[in-house]
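# Structural overview
So the chains spell out like this:
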Amino acid sequence: MNRLNGAAPLGAGTPTAPRPDDPAAAAEAAPAVVDALRDLLAGPTGLGTSAARLFRTELLHVDLTPPAPPAAGPAPGQPAEGHSDGSGDSSGASGPTVRVPPLYCPDAERDDPALGEEVNKRLVEWAEEVGIFRGRLERLRSHNFGRLFMLAHPDTDDPERILTAARCGLSEWAVDDHWVDEGEDTTPELIGTRMALAHAVVDPVRLPARYLAQFENIVRKEPVLRAFRSCLDHLARIASPTQVARLRHELAVMFVGYNQEGEWRSSGRRPAVWEYLLHRYENAFYPCMVLIDPVGGYELPAAEFADARVRRTYLYAGTANVLLNDLYSMTKEDPTDTNLPNLIAAEDNCSLQEAVNRAACIHDELMHTVEAECAVLSAAGSPELRRYLAGLWAWMGGSKEWHATSPRYHGASTQ
């Protein structure tokens, strides 16, 4: 991907992968790569390129037409006037308001408001039970995280299975909302210790009894730690030990990313764009996405989950989705916060609107690459891999819909 390694300037250009409305191009490109991949991937190898075409056909059934841009939208590089009511794809907590351009991403596969509301109700009840978001439960309810996970997991209508993923996701968000961006004490020097404690809960630590009691006393006092323990206990009821271990690993990687962010905050250092993109590869949405198969009631084979090309594809998907979060979450962040548009604006000496446009181009390029590699990998892998990759695509579509509409990023409840 040349535009991310400095070989070409940021900005709109020729897509790096065929669009969903060009299945012939994908089918033409797939066979040569499929032959090389068949020796790498476990599972049946007789699906052939027809599987790639079928995957492309499924993508055609998802409406990928981006929303129409706002009337009288800004010219590239120029700040735009914002919405007076806080609605729409606008960003910027203060100062000039900018707009998020249409993003290359599928729409949600299904929207079941009643199911989303039921999951959200149970999720808020669980949050109250473990103690996270105390004093902020109505605000949490309004953000409608239950709707996010209903949108992101269209292959099940079981509210309990969706709730299992929602508990894990909300625990991850609680790190930000209790320890990093909000909370009684967000001192960046505490992040390292807190991440170590969280990892000791996620991958249960074994200490001599006399010392374990002291650790457990800390866990009893800290709601975020209780949330992680509880959500993993619930996950173990529907997931295999291997699937639980996968989430543990991805959470450990996420904790590494938070430690990197802690260094930026404590030192006051502004990272370069390349370093921030590395950070977003680690602190991304994949800990949520890794639950696609257990929530769906199947298991991606271990050899395929660990395969280097499969892994780089689903991690790229997690990175693309967290960059989408960067664009929409600008509404609730301080203008000086570290996010991709702010860093691009500083590094490239451009307006914030132009930086948002460039960040959107990076997101879109990642999405084109994920789309193309999903088509190729689905042709070479097992039926479970093909289902998992389709679920990955659906997850991103559901997440986009939630980010574009949630009061967490739009309206008064973000304050």
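So, how was this worked out
Residues numbered from 1 in each chain as written. Predicted model: local features only at pLDDT ≥ 70, side-chain atom pairs only at ≥ 80, totals over all residues. Heavy atoms only, no water. Helix = DSSP H or I, 4+ residues; strand = E, 2+ residues; numbered from the N terminus. Buried < 20%, exposed > 50% of the residue type's maximum accessible area, 1.4 Å probe, protein only. Contact = heavy atoms within 4.5 Å. Areas by Shrake-Rupley, 256 points an atom, 1.4 Å probe, with all protein chains shown as cover. Polar contact = N/O pair within 3.5 Å; in protein donor to acceptor, adjacent residues only side chain to side chain. Phe/Tyr/Trp six-rings, centres within 6.5 Å; stacked < 30°, edge-to-face > 60°. Lys NZ or Arg CZ within 6 Å of the ring centre and 35° of its normal. Axes fitted to C-alpha atoms, helices over the stretch in contact; angles between N-to-C directions. Parallel < 35°, antiparallel > 145°, perpendicular 65-115°, else oblique. Nonpolar A, V, L, I, M, F, W, Y, C, P; charged D, E, K, R; others polar. Core = buried A, V, L, I, M, F, W, Y, C linked by side-chain atoms within 4.5 Å. Salt bridge = Lys/Arg side-chain N within 4 Å of Asp/Glu carboxyl O. Expected span 1.5 Å × (residues − 1). pLDDT = per-residue confidence, 0-100.

## Details of the overall build of the protein
Of the regular secondary structure elements, the protein holds 18 helices and two strands. For the protein, with 415 residues in total, the buried portion stands at 52%. Summarising the internal contacts of the protein: among those between residues at least 6 apart in sequence, 77% fall at separations of at least 24. For the protein, the computed accessible surface area is about 17300 Å², with 53% contributed by carbon and sulfur atoms.

## Brief notes about the side chain of Arg246
Mapped onto the secondary structure, Arg246 falls in helix H10 (residues 241–267). Since its relative accessible area comes to 6%, Arg246 is described here as buried. Side-chain polar atoms of Arg246 contact the backbone oxygen of Leu300, separated by 2.8 Å. Not counting residues up to four positions away in its chain, the partners in contact with Arg246 are Val290, Asp293, Glu299, Leu300, Pro301, Ala302 and Phe305.

## Quick word on the packing of aromatic side chains
The full count for this structure, using the stated rule, is 11 aromatic pairs. Ring geometry for Trp264 and Tyr276: centres 6.2 Å apart, planes at 35°, overall tilted. You can see Trp264 sitting in helix H10 and its partner Tyr276 sitting in helix H11 (residues 273–282), a full 12 residues away along the chain. Across this residue pair, the class does not change: Trp264 and Tyr276 are buried. Aromatic side chains Tyr286 and Tyr314 sit 4.4 Å apart centroid to centroid with 10° between the ring planes, which places their arrangement in the stacked category. You can see Tyr286 sitting in helix H12 (residues 286–289) and its partner Tyr314 sitting in helix H15 (residues 308–329), a full 28 residues away along the chain. In this pair, the class of Tyr286 matches that of Tyr314, namely buried. Grouped by ring-pair contacts, the aromatic residues Phe145, Trp173, Phe285, Trp395, Trp402 and Tyr409 constitute a single cluster. Above the plane of the ring of Phe305 lies Arg246, whose end atom (NZ or CZ) is 4.2 Å from the centre.

## Re the packing of helix H8 (residues 209–221) against helix H9 (residues 223–235)
Each pair of packed helices gets described by two things: the angle between the helix axes and the distance between those axes. Two elements in contact, H8 and H9, have axes whose closest approach is 5 Å; the angle formed by their N-to-C orientations is 100°. Comparing their axes, H9 and H8 come out roughly perpendicular. From H8, Phe215, Glu216, Ile218, Val219, Arg220 and Lys221 reach across to H9, where they touch Pro223, Leu225, Arg226 and Arg229. Here the residues of the contact of H8 with H9 are counted per class, giving five nonpolar, no polar and five charged.

## A word on unusual backbone geometry
In this structure, Asn144 is a non-glycine residue whose phi angle is positive, near 60°. Mapped onto the fold, Asn144 is located in the loop between helix H4 (137–143) and helix H5 (145–152). Positive phi values are uncommon outside glycine, yet Asn349 reaches one of about 55°. Tracing the backbone shows Asn349 in the loop between helix H16 (340–348) and helix H17 (352–380). Of the residues examined, Asn349 reaches a relative accessible area of 71% and is grouped as exposed.

## Looking at the packing of H10 against H11
Orientation of H10 relative to H11, taken along the N-to-C sense of each, is 145°, at an axis distance of 8 Å. On H11, the residues touching Val253, Met254, Val256, Gly257, Tyr258, Gln260, Glu261 and Trp264 of H10 are Glu275, Tyr276, Leu278, His279 and Glu282. Here the contact of H10 with H11 is composed, by residue class, of seven nonpolar, three polar and three charged.

## Let's talk about the nonpolar core
Ranked by internal contacts, the top residues of the largest apolar core, which has 107 residues, are Ile132, Phe149, Leu170, Phe228 and Leu340. Excluding residues within four positions of it along the chain, Leu340 makes contact with Val273, Tyr276, Leu277, Leu323, Asp326, Ala359 and Ile362.

## Quick word on the environment of Leu300
Within the secondary structure, Leu300 sits in the loop between helix H13 (292–296) and helix H14 (302–306). Using a relative accessible area of 0% as the deciding quantity, one classes Leu300 as buried. Separated by 82 residues in sequence, Leu300 and Ser382 place their C-alpha atoms 8.7 Å apart. Residues contacting Leu300, with those up to four places away along its chain left out, are Arg246, Asp293, Phe305, Glu384, Leu385 and Tyr388.

## Structural notes on the pattern of salt bridges
Tallied over the entire structure, the rule returns 25 salt bridges. Glu160 serves as the salt-bridge partner of Arg122, at 2.8 Å between the closest nitrogen and oxygen. Taken together, the residues span a long stretch of sequence, with Arg122 in helix H3 (residues 113–130) and Glu160 in helix H6 (residues 159–180) at a distance of 38 residues. Assessed through its relative accessible area of 36%, Glu160 is described here as partly exposed. Note that Arg265 is salt-bridged to Glu261, the shortest N-O span being 2.9 Å. One end of the pair, Arg265, and the other, Glu261, are both in helix H10, four residues apart, so they sit about a helical turn from each other. Relative accessible area serves as the criterion here: at 34%, Arg265 is assigned to the partly exposed category. Residue classification places Glu261 among the buried residues on the basis of a relative accessible area of 12%.

## Points about H15
Taking 1.5 Å per residue as the helical rise, H15 with its 22 residues ought to reach 32 Å, and the 31 Å between its terminal C-alpha atoms agrees with that figure. With respect to burial, H15 is a largely interior element, 18 of its 22 residues being buried. Its side-chain oxygen 3.0 Å from the backbone nitrogen of Arg309, Asp307 forms the N-cap of H15.

## Observations regarding the confidence of the model for the protein
Predicted confidence across the protein gives a mean pLDDT of 81, with 75% of residues reaching 70 or more. In the model, residues 1–88 has pLDDT below 50 throughout and makes 151 contacts with residues more than four positions away in sequence or in other chains. Counting contacts from residues 91–95, a segment whose pLDDT is below 50, to residues more than four positions away or on other chains yields 14 contacts.

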